[in-house]
Amino acid sequence: MPPFNFTSLAPATFILAGIPGMEKSHIWISIVFCSMYLAALLGNGVLLFVVKTERSLHEPMYLFLSMLAVVDLMLSTTTVPKMLALFWFNTREISFSACLTQMFFLHFSFSAESVVLVAMAFDRYVAICYPLRYTSVLTPSAIVKTGLVAVVRSFGIIFPCIFLLKRLPFCGHNIIQHTYCEHVGIARLACADISINVLYGLAVPFAVIVLDVVLIAVSYILILLALFRLPSRTARRKAFGTCGSHVSVILLFYIPAFFTVLTHRFGHTIPHHVHILLANLYVLVPPLLNPIVYGVRTRQIKEKVVKVFSHSTNHFLSE
């Protein structure tokens, strides 16, 4: 078969199996996942609303945070509604095109969030190491270009996966042992050699994410060197505080991601349902906790949230 024959056999639908071995617990798991998803929608929605309505928050740091909130909402919304429909209504079928679309936006969101985290690390680097040049470096134009880079790079990395899947013949079973569609999981259903899919699906995104982690690490090494040169302990503590939220968000994003990748590659002794539970938590935990981390650790956001909701409550009561 030619390597890119798009007329190859493709099933009309796939069947999502959910979490194999935990079918009896699907309802209870769905309650937890639904609660986390609703909390993520509320937290990120409030964050976006506050940043949009408060002009004092129209600064690079908070605009990047808004980008992070948008990507987090995309990440969870791509997977969770279909997952809940599976758990509640047993709607296991998903069309081939819908499955590819879900796969695309899942991996696209992951890549875009990584770019945003790099941009946020650069923002902290400029703010601490070159504070006098902050406004001239991180201009509105630079922020817009950062968003475009996140979109273009993520699209360029993930879009080939669609063609790599469309070239495959699917002549065997069509049951995906998961709650959502992802690249290698779909490819494993094909009755053909999928070595290219496995290589691209693991090596290319992984290499790009490793590059992002290296850039973030270099930024924070330079930040630490600059902090240790500050004469005032108060100034050092304040600078550490501005980075604390971002470091927490980085850890929430990359540690589960690398752990999931490594367990899929090397954790063959780990039960399959544990892999799937971890993968589901990965698309829920960062969107849930990111706005909480920034809301609790960032004084400006905390104050503005209280101000906006106090104003709304007073306005409601006055009527």
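As the structure is a computational prediction, the values presented were derived from the model and not from experiment. (Residues numbered from 1 in each chain as written. Predicted model: local features only at pLDDT ≥ 70, side-chain atom pairs only at ≥ 80, totals over all residues. Heavy atoms only, no water.)

The subject of this paragraph is the packing of helix 2 (residues 60-89) against helix 5 (residues 140-166). Where helix 2 meets helix 5, the closest approach of the two axes is 11 Å, and the angle between their N-to-C directions is 20°. Considered as vectors, helix 2 and helix 5 are oriented roughly parallel to each other. Note that helix 2 runs across helix 5; the crossing there is right-handed. For the pair helix 2 and helix 5, contact is made by Pro60, Leu63, Phe64 and Met67 and by Ile143, Thr146 and Gly147, respectively. Of the residues belonging to the contact of helix 2 with helix 5, the class tally is 5 nonpolar, 2 polar and no charged. (Axes fitted to C-alpha atoms, helices over the stretch in contact; angles between N-to-C directions. Helix = DSSP H or I, 4+ residues; strand = E, 2+ residues; numbered from the N terminus. Parallel < 35°, antiparallel > 145°, perpendicular 65-115°, else oblique. Left-handed = near helix turned anticlockwise from the far one by under 90°. Contact = heavy atoms within 4.5 Å. Nonpolar A, V, L, I, M, F, W, Y, C, P; charged D, E, K, R; others polar.)

Quick look at the nonpolar core now. Note on soluble globular proteins: their nonpolar side chains tend to be buried together. Ranked by internal contacts, the top residues of the largest apolar core, which has 90 residues, are Phe14, Leu117 and Ile186. A total of 18 residues in this core trace back to one element, the largest contributor, which is helix 3 (residues 96-129). Not counting residues within four places of it along the chain, the set of residues in contact with Phe14 comprises Arg92, Glu93, Ile94, Phe96, Cys99, Phe170, Asn174, Ile176, Ile186 and Leu189. (Core = buried A, V, L, I, M, F, W, Y, C linked by side-chain atoms within 4.5 Å. Buried < 20%, exposed > 50% of the residue type's maximum accessible area, 1.4 Å probe, protein only.)

Here we take up the side chain of His178. With respect to the secondary-structure elements, His178 resides in the loop between strand 3 (175-176) and helix 6 (183-187). Not counting chain neighbours up to four residues away, the residues in contact with His178 comprise Leu16, Ala17, Gly18, Ile276 and Ala279.

As for its position among the elements, Leu284 is in the loop between helix 9 (272-282) and helix 10 (285-297). Residues Leu284 and Thr79 lie 205 residues apart in sequence; the distance between their C-alpha atoms is 9.4 Å. Residues contacting Leu284, with those up to four places away along its chain left out, are Phe33, Met36, Tyr37 and Val80.

When the UniProt feature table is mapped to this numbering, "transmembrane region" (unreviewed entry) covers residues 27-50, 62-84, 104-122, 142-165, 202-227, 239-262 and 274-294. For residues 104-122, the helix share is 100%, the strand share is 0%, and the end-to-end C-alpha distance is 27 Å. Annotation note: span residues 142-165, helix share 100%, strand share 0%, distance between end C-alpha atoms 35 Å. (UniProt positions renumbered as here; feature names shortened; annotations may be inferred.)

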